[in-house]
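Examining the three-dimensional arrangement
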Amino acid sequence: RRFTRIMASPFPLLRAITRTSSVTGTPMKTPHVSLRVSSSRTLSVVTAAAGSRGEARSTPHNPPRICIVGGGFGGLYTALRLDGLSWPAPTPSSTSQQRTTSSALSKANITLVDAGDRFVFKPLMYELLTGEAKRDEVAPLFADLLDGTDVNFARASVTGVTMEPDDGGIVHLDDETSIPFDYLVVALGNKPRTEMVPGARSSCLTFSSLEDVDASIEALDLARAAKATPRVAVVGGGVGGAELAAAIATRDGNAFDVTLLCRDPTGVMPTSPSQLRDHVSGVLRCLDVTVRAGASVTSVAGDGEVTLSFGGEADDETYDVVFWCAGQEPATTPVSSLVDSDNSLPVGGAGAPPLEVNPALQATAHPRVFAIGDIAQVASDGRGGGGGGFAESRTAQVAFQQSDYVAWNVWALHYGRPLLPFRYQHLGEMLALGPGEGAVAFPQLPEPLGDALGTLLDGWAAGVLRKAAYVYRQPTNGQRLRVLEAWARRPELWLPPGVSSGSARL
């Protein structure tokens, strides 16, 4: 029931305010929530609740200016959720706290900043590599996604963030423009961690962006043109490495000799449920992917020579293409040169620490700054809130859920309402294992339901469920319809292996 409720609601956290205490732990009275939906589907929320508030230093502009840095899952979905809220003019009460009124409704001034012009639905990049999906289905333009909304988009890289005394701040861009804000959301995402091993950054391909997909396709095509069966190494035995190995192994009619190098002696996906791990290992065997468990890569040379360590003994192997999937880290490098002042935001630079936030994902040093995903160092509140720490915030699923909380908390902070501590709800794992194949690990269900239904769906049915779930998870209704229409015209995406589209039409 929990999974169904979350999947069915575009803004599920609004239900949580009836049962969640404030960030500081002060008991909160049950609020009255009034939801008004206009013909344009704009959601207006008016609450009356007692409890602790997130304190800002002064009264910001109304409507507020909100800048969101990073256009991944966390940033884009936060922008869309904020755009779906109305921002009524506040009327100060006798207690000097702000209260909302039903008159003078307005929309926030929201600006989304990203260095690229496309949003990348990263879980579907494997379909782009195998040819199952097209570019606009996986990476639509921000201009198309934001058409019909009031969200402004700025294509630029951030060079600095300055916090203004007793106010919001200013985001500085590389085109020498700046964006003033009352509230800032930092959602820079992650990047491959290639500094761990000498030569990894210069000699390996990564698979974390749309540019990486283009470079991967080009490298694989060149290797295929030069050799009948190119040797490909994928370094990293996590979920991403396993999915990438399966995608390459099924590309061009199983034309590649793929080796998956796993540092963990147990093999692939050591932190995943054993049932899922065993199934993925079996699929990789069927695809003739060689899994080297306990293989620690110590260096990579430009000619494809990979130096491995097995129990202290070195071994050199040569590959035509080497992919690096061994770890991610916060993508803080776009914020590389901050304004040199005591009010500058402590984010950015290679090796910079993540941004420390409270359980409401609010920066501890700057109450009008919120952080989502990898860059957020979430502290536990001792009551299950806070998401469990920084390491958990490395999936699109976490960033997607955090966007709900951050959107609400920015709205609540603006009107002096209680902030909600982030509570992550694990919905399982979905993997692509080549065209027409997948694996879905559901959350553990209580007995006896869990024993009867199990927690793993595999094969063709899992692939269909995964595609359907990701169609539903598209950021806008327009994109959802575009992807659904395009995929409906390609029945081979939905049919079991061995069933032709002609048979299905007949």
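Residues numbered from 1 in each chain as written. Predicted model: local features only at pLDDT ≥ 70, side-chain atom pairs only at ≥ 80, totals over all residues. Heavy atoms only, no water.

**Brief notes about the sheet that holds strand 11 (residues 183-186)**
Remark on secondary structure: sheet strands pair via backbone hydrogen bonds, oriented parallel or antiparallel. In space, the 5 strands of this open sheet follow the order 7-6-3-11-22, with parallel pairing throughout. Among the strands making up the open sheet, the edge pair consists of strand 7 (151-155) and strand 22 (369-371). Going across the sheet, the axis of each strand differs from the next one's by a mean of 20 degrees, ignoring polarity. Summarising the sheet, strand 3 (residues 65-69) and strand 11 pair through 4 bridges and their orientation is parallel. Bridge assignment links C67 to a residue of strand 11, and that residue is L184. (Pairing = 2+ DSSP bridges. Helix = DSSP H or I, 4+ residues; strand = E, 2+ residues; numbered from the N terminus. Axes fitted to C-alpha atoms, helices over the stretch in contact; angles between N-to-C directions.)

**A word on unusual backbone geometry**
Positive phi, normally seen in glycine, also occurs at E176, with a value near 70 degrees. Mapped onto the fold, E176 is located in the loop between strand 9 (169-173) and strand 10 (178-181). In the Ramachandran plot, N254 falls in the positive-phi region, its phi being about 55 degrees despite a non-glycine side chain. As for its placement among the helices and strands, N254 is situated in the loop between helix 8 (239-249) and strand 14 (257-262).

**Focus: the packing of helix 12 (residues 459-472) against helix 13 (residues 477-488)**
The contact between helix 12 and helix 13 brings their axes to 8 Å, and the two run at 150 degrees. Facing helix 12, whose interface residues are K467, V471 and Y472, helix 13 presents R480, V483, L484 and W487. Of the residues that constitute the contact of helix 12 with helix 13, the class distribution is 5 nonpolar, no polar and 2 charged. (Contact = heavy atoms within 4.5 Å. Nonpolar A, V, L, I, M, F, W, Y, C, P; charged D, E, K, R; others polar.)

**Considerations on the pattern of salt bridges**
Should their charged atoms come close, side chains of opposite charge can pair. Counting across every chain of the model gives 17 salt bridges. K467 is the salt-bridge partner of E132, the closest N and O atoms lying 3.7 Å from each other. Of this pair, E132 sits in the loop between helix 3 (125-130) and helix 4 (135-138) while K467 is found in helix 12, placing the two residues 335 residues apart along the sequence. Accessibility assignment for this pair places E132 and K467 in one class, buried. Here R231 and D257 are joined by a salt bridge, their closest N and O atoms 3.9 Å apart. Here R231 is found in strand 13 (residues 231-235), whereas its partner D257 is found in strand 14, with 26 residues between them in sequence. According to the relative accessible area criterion, D257 is partly exposed, its value standing at 29%. Connected via shared salt-bridge partners are D83, K107 and D150. (Salt bridge = Lys/Arg side-chain N within 4 Å of Asp/Glu carboxyl O. Buried < 20%, exposed > 50% of the residue type's maximum accessible area, 1.4 Å probe, protein only.)

**Concerning the sheet that holds strand 18 (residues 313-318)**
The strand order across the open sheet formed by 3 strands is 16-17-18, and the pairing between neighbours is antiparallel. Here the strands that pair on one side only, and so sit at the sheet edges, are strand 16 (296-300) and strand 18. This sheet shows a mean twist of 30 degrees between the axes of neighbouring strands, independent of strand direction. One ladder, built from 4 bridges, connects strand 16 with strand 17 (residues 305-310); its direction is antiparallel. Residue S299 lies in a different strand from strand 17, and its bridge partner there is T307.

**What to know about the confidence of the model for the chain**
In this model, the chain carries a mean pLDDT of 79, and residues with pLDDT of at least 70 account for 73%. Counting contacts from residues 1-10, a segment whose pLDDT is below 50, to residues more than four positions away or on other chains yields 14 contacts. Between residues 501-506, whose pLDDT stays under 50, and residues either more than four places distant or in other chains, the model counts 5 contacts. (pLDDT = per-residue confidence, 0-100.)

**Describing the nonpolar core**
Of all hydrophobic cores here, the largest spans 113 residues; its most connected members are V171 and I248. With 11 residues, helix 10 (residues 396-414) is the largest single contributor of residues to this core. Each residue touching I248, except ones within four places of it in the same chain, is listed here: L129, L220, V232, V234, F256, V258 and F323. Residues A200, V235, L261 and V306 belong to the second largest nonpolar core, which totals 14 residues. (Core = buried A, V, L, I, M, F, W, Y, C linked by side-chain atoms within 4.5 Å.)

**What to know about helix 2 (residues 73-83)**
Taking burial as the measure, the 11 residues of helix 2 include 11 buried ones, the bulk of the element. All buried positions along helix 2 are accounted for by F73, G74, G75, L76, Y77, T78, A79, L80, R81, L82 and D83.

**As for the pairing of strand 11**
Both faces of strand 11 are covered, namely the face carrying Y183 and V185 and the face carrying L184 and V186. The pairing of strand 11 with strand 22 spans 3 bridges and is classified as parallel. For V186, the partnering residue across the bridge sits in strand 22 and is A371.

**Things to note about helix 8**
With 9 of its 11 residues buried, helix 8 lies for the most part within the structure. The set of residues buried in helix 8 consists of G241, A242, E243, L244, A245, A246, A247, I248 and A249.

**Examining the packing of helix 2 against helix 10**
Geometrically, a packed helix pair is captured by the angle between its two axes and the distance between the axes. For the pair helix 2 and helix 10, the least separation of the axes is 8 Å and the interaxial angle reads 35 degrees. In this structure, the crossing between helix 2 and helix 10 has a hand that is right-handed. Touching F73, G74, Y77, T78, R81 and L82 of helix 2 are A396, A399, F400, S403, D404, V406, A407 and V410, all from helix 10. Residues of the contact of helix 2 with helix 10, tallied by class, amount to 9 nonpolar, 3 polar and 2 charged. (Left-handed = near helix turned anticlockwise from the far one by under 90°.)

**Here we look at the environment of D458**
Counting through the fold element by element, D458 comes out in strand 26 (residues 456-458). For D458, a relative accessible area of 37% puts it in the partly exposed group. Residues D458 and V280, 178 residues apart in the sequence, show an inter-C-alpha distance of 9.3 Å. For D458, the residues in contact, after removing those within four places along its chain, are H279, G438 and A439.

**Considering the pairing of strand 6 (residues 109-114)**
Counting buried positions over the 6 residues of strand 6 gives 5, a clear majority of the element. Pairing geometry for strand 3 and strand 6, over 5 bridges, is parallel. Its bridge partner being in strand 6, V69 is matched across the sheet by V113. In terms of strand pairing, strand 6 meets strand 7 through 5 bridges, oriented parallel. In the sheet register, L112 faces strand 7, and the bridge partner there is F153.

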